[in-house]
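Descriptive structure summary
Okay, here's what each chain looks like letter by letter:
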Amino acid sequence: DAKTTQPNSMESNEEEPVHLPCNHSTISGTDYIHWYRQLPSQGPEYVIHGLTSNVNNRMASLAIAEDRKSSTLILHRATLRDAAVYYCILREGEYGNKLVFGAGTILRVKS
Amino acid sequence: EAQVTQNPRYLITVTGKKLTVTCSQNMNHEYMSWYRQDPGLGLRQIYYSMNVEVTDKGDVPEGYKVSRKEKRNFPLILESPSPNQTSLYFCASSLKGLNQPQHFGDGTRLSIL
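Rules used throughout
Residues numbered from 1 in each chain as written. Chains lettered and ligands numbered in written order. Predicted model: local features only at pLDDT ≥ 70, side-chain atom pairs only at ≥ 80, totals over all residues. Heavy atoms only, no water. Pairing = 2+ DSSP bridges. Helix = DSSP H or I, 4+ residues; strand = E, 2+ residues; numbered from the N terminus. Buried < 20%, exposed > 50% of the residue type's maximum accessible area, 1.4 Å probe, protein only. Contact = heavy atoms within 4.5 Å. Buried area = accessible area lost by both parts, 1.4 Å probe. Salt bridge = Lys/Arg side-chain N within 4 Å of Asp/Glu carboxyl O. Phe/Tyr/Trp six-rings, centres within 6.5 Å; stacked < 30°, edge-to-face > 60°. Lys NZ or Arg CZ within 6 Å of the ring centre and 35° of its normal.

Residue and element names in this part refer to chain B. Here we have 4 strands laid out as an open sheet, ordered E1-E3-E8-E7, and antiparallel in their pairing. Bordering the open sheet on either side are strand E1 (4-7) and strand E7 (65-66), each of which pairs with just one other strand. Looking at chain direction, strand E3 (residues 19-25) and strand E8 (residues 76-78) are connected through 3 bridges and run antiparallel. Opposite threonine 20, over in E8, you have isoleucine 77 as the bridge partner.

Set out below in structure tokens:
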């Protein structure tokens, strides 16, 4: 399984943008990049995913480097509710059958 | 409300006593899976199912069984639970596979004494 590397923790101020980095230098051409987050005492929650192009949805934006060896999840205005563990996951190819969760990044949001 | 429902939410039991954790989704999803979450090891996939009557092993299937007789239900069976299966378990579902958002349940905390 291709691996991802994320910082253990990050801190942000409320109402400010947050950039969560992820390195995946061994990514293959068909691996999709997925982001999930897990709030305290809850199951993981889908955030966003992409292959090559940058992606936007109502929750966040995903910026993917041109060589695809890294990506950044962008929360445009952090709120206290965004405090969670954020997982960057590679899914193998179009038909890969599993998501391999790593340790993730603990995001703390200060008011 | 669209949701994945797991039962029970908490269970303390003893070694060897068969138990079943139920998972039900009301979104007509084809893909369902089970994960366990342990400190320092993250979430690991136990089993998954692409559709009714189609199941396959994930990364840590030993000691577990699953069945998928109906689209909405995907129970996790521990035939002879052991203490190393003490963990937090999550069921997930998606419309057709992993390139759609996975919807996770709220988790089941199992303690095997």
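Okay, the environment of lysine 3 of chain A next. Residue and element names in this part refer to chain A. Looking at where lysine 3 falls in the secondary structure, it is placed in the segment before strand E1 (9-13). When its relative accessible area of 63% is taken as the criterion, lysine 3 is described as exposed. Each C-alpha atom of the pair lysine 3 and valine 85 lies 17 Å from the other, and the pair is 82 residues apart in sequence. Discounting chain neighbours no more than four positions away, the residues touching lysine 3 are Asn23, His24, Thr26 and Leu90.

Turning our attention to the interface of chain A and chain B. Contacts between chain A and chain B engage 17 residues on the former and 16 residues on the latter. Both faces combined, the contact of chain A with chain B buries some 1,500 Å², and carbon together with sulfur accounts for 52% of it. It is Pro44, Asn97 and Phe101 of chain A in chain A that bury the most area against chain B; as a group they hold 32% of the surface buried on that side. Taken together, the links from chain A to chain B amount to 0 salt bridges.

With that settled, consider the packing of aromatic side chains. Applying the stated criterion across every chain, the model contains 9 aromatic pairs over all chains. Where tyrosine 36 of chain A meets tyrosine 46 of chain A, the ring centres are 5.6 Å apart and the plane angle is 75°; that geometry is what we call edge-to-face. Placement of the pair is tyrosine 36 of chain A in strand E3 (residues 32-38) and tyrosine 46 of chain A in strand E4 (residues 45-50), with a sequence separation of 10 residues. Exposure remark for tyrosine 36 of chain A: the relative accessible area of 0% places this residue in the buried category. Its relative accessible area of 17% is what places tyrosine 46 of chain A among the buried residues. When the centroid spacing of 6.3 Å and the interplanar angle of 85° are considered together, the rings of phenylalanine 101 of chain A and phenylalanine 104 of chain B count as edge-to-face. Placement of phenylalanine 101 of chain A in the loop between strand E8 (84-91) and strand E9 (105-110) and of phenylalanine 104 of chain B in strand E10 (residues 103-104) is noted, with the two residues assigned to different chains. The same class applies to phenylalanine 101 of chain A and to phenylalanine 104 of chain B, which are both buried. Chaining the aromatic ring pairs together yields one cluster made of Tyr36, Tyr46, Tyr87 and Phe101 of chain A together with Tyr35 and Phe104 of chain B. The cationic tip of arginine 91 of chain A hangs over the ring face of tyrosine 32 of chain A; the distance from NZ or CZ to the ring centre is 5.9 Å.

Let us now look at the sheet that holds strand E2 (residues 18-23) of chain A. Residue and element names in this part refer to chain A. The strand order across the open sheet built from 4 strands is E2-E7-E6-E5, with neighbouring strands paired in antiparallel fashion. Edge positions in the open sheet fall to E2 and strand E5 (55-56), since each of these has one partner strand only. Two strands pair when backbone bridges link them, and E2 and strand E7 (residues 70-75) are joined in this way by 6 bridges, in the antiparallel orientation. Note on E7: the bridge partner recorded for asparagine 23 is serine 70.

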